[in-house]
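Residue-level structural notes
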Amino acid sequence: MIYSNWWKYVGAAFVLYSIIGGLLFVNPNNLLFLDETVRNLNFHVPMWFAMIALLFISVINSIRYLKTFDIKYDIIASKCAAVGVLFGLMGLATGSVWARFSWGDWWTADAKLNGAAIGELLYLAYLILRNSIEEPSKKARLSSVYSIFAFPIFIVFAWIYPKMVTNSMHPGSGDTVGFNKYPLNNNLRMTFYPAVIGWVCMGWWMTTLLIRNEFLILNKSKNKTPD
Amino acid sequence: MKIKLIFLFLLSFIANSLFAQTQDNPFYSNGKIYVVVTVISIIFTGIIIYLIQIDRRLRKTEKELKDKN
């Protein structure tokens, strides 16, 4: 999946479709209190899906590294986490703008928002931890172990804990139901699912570019003739 | 090359509707939302072309390295 191409075009086509359809397919009579901003579902939520998918690939490769001690799995794990963090920041930023005009503030003390922010910081710490260790094998080993702890804690903070609290304004957590329970017609679903698949593919594409670049550097240093 | 030609074809198709100022032109209806859709689509397509080009450059270097060994 790193060197094949077809899924890149599938992802790009799905995202382009979700941009066009996401803006045009919504029925204005069914927008509830969100008004026109309901379209953000096609753009804000897929950021988090892409992030979780990348972090999942990251932790799988951290485990594979600890099993084999092959540095290439550590490269995959670290680059997935880096792009995952980028998608998380995009999710936080887009959510913040959406919150300003739906709830009245850029940031509210909501379990979902704070949980997602803590999860984000967990992975920022992962990247900082990596950069602070010079020796490659030690760096790979420590960050792989950290990653195995970070992933479940991230899922708990960003996903499970917001569902357990009694009060939350964010859809799908606390006492607020998710979009799947809203009395909307299926026009949202028609673009939302392709948008999720599309953005996961886009995220993986962006990650593979970084991974392949690292692999090239790795090969270059391996093939260097000793002089 | 093929992708660029397809993109050019789509662009000419969009441009054709942009310049036709008739009443039934969709770009003038529904509060001109189609204009926004076109703008965002052009930006996104641009980013995709950029990604494809980085991808090809990487592939070239990968091939060179493979041939050398």
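The structure contained in this document is the topic of the report that follows. (Residues numbered from 1 in each chain as written. Chains lettered and ligands numbered in written order. Predicted model: local features only at pLDDT ≥ 70, side-chain atom pairs only at ≥ 80, totals over all residues. Heavy atoms only, no water.)

1. Considering the overall build of chain B
Assigned secondary structure in chain B consists of two helices and zero strands. The buried share of chain B, taken over its 69 residues, is 22%. Accessible surface, chain B: about 5500 Å² in total, of which carbon and sulfur atoms supply 67%. (Helix = DSSP H or I, 4+ residues; strand = E, 2+ residues; numbered from the N terminus. Buried < 20%, exposed > 50% of the residue type's maximum accessible area, 1.4 Å probe, protein only. Areas by Shrake-Rupley, 256 points an atom, 1.4 Å probe, with all protein chains shown as cover.)

2. Notes on the side chain of Ser-173 of chain A
Residue and element names in this part refer to chain A. Structurally, Ser-173 is set in the loop between helix H5 (136–164) and helix H6 (187–222). A relative accessible area of 1% means that Ser-173 is categorised as buried. At 3.0 Å, the side chain of Ser-173 forms a polar contact with the backbone oxygen of His-170. In this view, Ser-173 contacts Lys-112, Pro-162, Lys-163 and Ser-168; residues no more than four positions away in its chain are not counted. (Polar contact = N/O pair within 3.5 Å; in protein donor to acceptor, adjacent residues only side chain to side chain. Contact = heavy atoms within 4.5 Å.)

3. Here we look at the nonpolar core
Counting 51 residues, the largest nonpolar core has Tyr-123, Trp-199 and Met-202 of chain A as its most contacted members. Sorting the residues of this core by element identifies helix H1 (6–24), helix H2 (41–68), helix H3 (71–102), helix H4 (111–131), H5 and H6 of chain A together with helix H2 (33–68) of chain B as the ones contributing at least two each. If near-sequence neighbours (up to four positions away) are discounted, Met-202 of chain A is found in contact with Gly-11, Ala-12 and Val-15 of chain A together with Phe-44, Ile-48 and Leu-51 of chain B. Ranked by size, the runner-up nonpolar core spans eleven residues in total, among them Val-26, Leu-41, Val-45 and Tyr-182 of chain A. (Core = buried A, V, L, I, M, F, W, Y, C linked by side-chain atoms within 4.5 Å.)

4. Here's the deal with H2 of chain B
Helix length check: H2 of chain B, at 36 residues, gives a terminal C-alpha distance of 53 Å against a target of 52 Å (1.5 Å per residue), a fit within 8%. For H2 of chain B, the full list of buried residues reads Val-37, Thr-38, Ser-41, Phe-44, Thr-45, Ile-48, Leu-51, Ile-52, Asp-55, Leu-58, Glu-62 and Leu-65 of chain B. (Expected span 1.5 Å × (residues − 1).)

5. Some words on the packing of aromatic side chains
Residue and element names in this part refer to chain A. One pass over the structure, following the stated rule, counts twelve aromatic pairs over all chains. Centre to centre, the rings of Phe-87 and Trp-199 are 6.2 Å apart; their planes meet at 70°, and the pair counts as edge-to-face. Pair noted here: Phe-87 is in helix H3 and Trp-199 is in helix H6, with a separation of 112 residues, a long-range link. With relative accessibility at 1%, the residue Phe-87 sits in the buried group. Overall, the relative accessible area of 14% leaves Trp-199 in the buried class. A centroid spacing of 6.4 Å and a plane angle of 75° characterise the contact between Phe-157 and Tyr-161, whose relative ring orientation is edge-to-face. Residue Phe-157 and its partner Tyr-161 are both found in helix H5; the two are separated by four residues, about one turn of the helix. Put simply, the rings of Tyr-123, Tyr-126, Tyr-146 and Phe-154 touch in pairs and so form one group of aromatic residues. Residue placement shows Arg-100 over the ring face of Phe-101; its charged tip is 5.1 Å from the ring centre. One Lys or Arg, Arg-100, reaches over the ring of Trp-106 and ends 5.9 Å from the middle of that ring. (Phe/Tyr/Trp six-rings, centres within 6.5 Å; stacked < 30°, edge-to-face > 60°. Lys NZ or Arg CZ within 6 Å of the ring centre and 35° of its normal.)

6. Looking at the environment of Thr-166 of chain A
All names here are of chain A. As for its placement among the helices and strands, Thr-166 is situated in the loop between H5 and H6. You can call Thr-166 exposed: its relative accessible area is 63%. The spatial distance from the C-alpha of Thr-166 to the C-alpha of Ala-111 is 9.6 Å, given a sequence separation of 55 residues. Excluding anything up to four places from it in sequence, Thr-166 contacts Gly-174 and Asp-175.

7. Examining unusual backbone geometry
Residues other than glycine seldom take positive phi values, yet Phe-69 of chain A does so here, at roughly 55°. With respect to the secondary-structure elements, Phe-69 of chain A resides in the loop between H2 and H3.

8. Quick notes on the interface of chain A and chain B
Opposite the 21 residues of chain A that make contact, chain B presents 19 residues. Summed over both sides, the interface of chain A with chain B buries roughly 1900 Å², with 75% coming from carbon and sulfur. Where Asp-55 of chain B meets Lys-8 of chain A, a salt bridge forms, and the shortest distance between an N and an O atom there is 2.6 Å. Of all the secondary-structure elements, those providing two or more residues to the side of chain A that touches chain B are H1 and H6 of chain A. (Buried area = accessible area lost by both parts, 1.4 Å probe. Salt bridge = Lys/Arg side-chain N within 4 Å of Asp/Glu carboxyl O.)

9. Describing the environment of Phe-56 of chain A
With respect to the element layout, Phe-56 of chain A can be found in helix H2. Sequence separation of Phe-56 of chain A and Phe-151 of chain A is 95 residues, and the distance between their C-alpha atoms is 7.4 Å.

10. Quick look at the pattern of salt bridges
What the rule picks out here adds up to seven salt bridges over all chains. Between Glu-214 of chain A and Lys-79 of chain A there is a salt bridge, and its shortest N-O distance comes to 3.8 Å. Of this pair, Glu-214 of chain A sits in helix H6 while Lys-79 of chain A sits in helix H3, and the two are 135 residues apart along the sequence. The closest approach of N and O atoms between Asp-55 of chain B and Arg-59 of chain B, which form a salt bridge, is 3.4 Å. Highlighted residues: Asp-55 of chain B and Arg-59 of chain B, both in helix H2, separated by four residues, approximately one helical turn. Under the relative-accessibility criterion, Arg-59 of chain B is labelled partly exposed at 28%.

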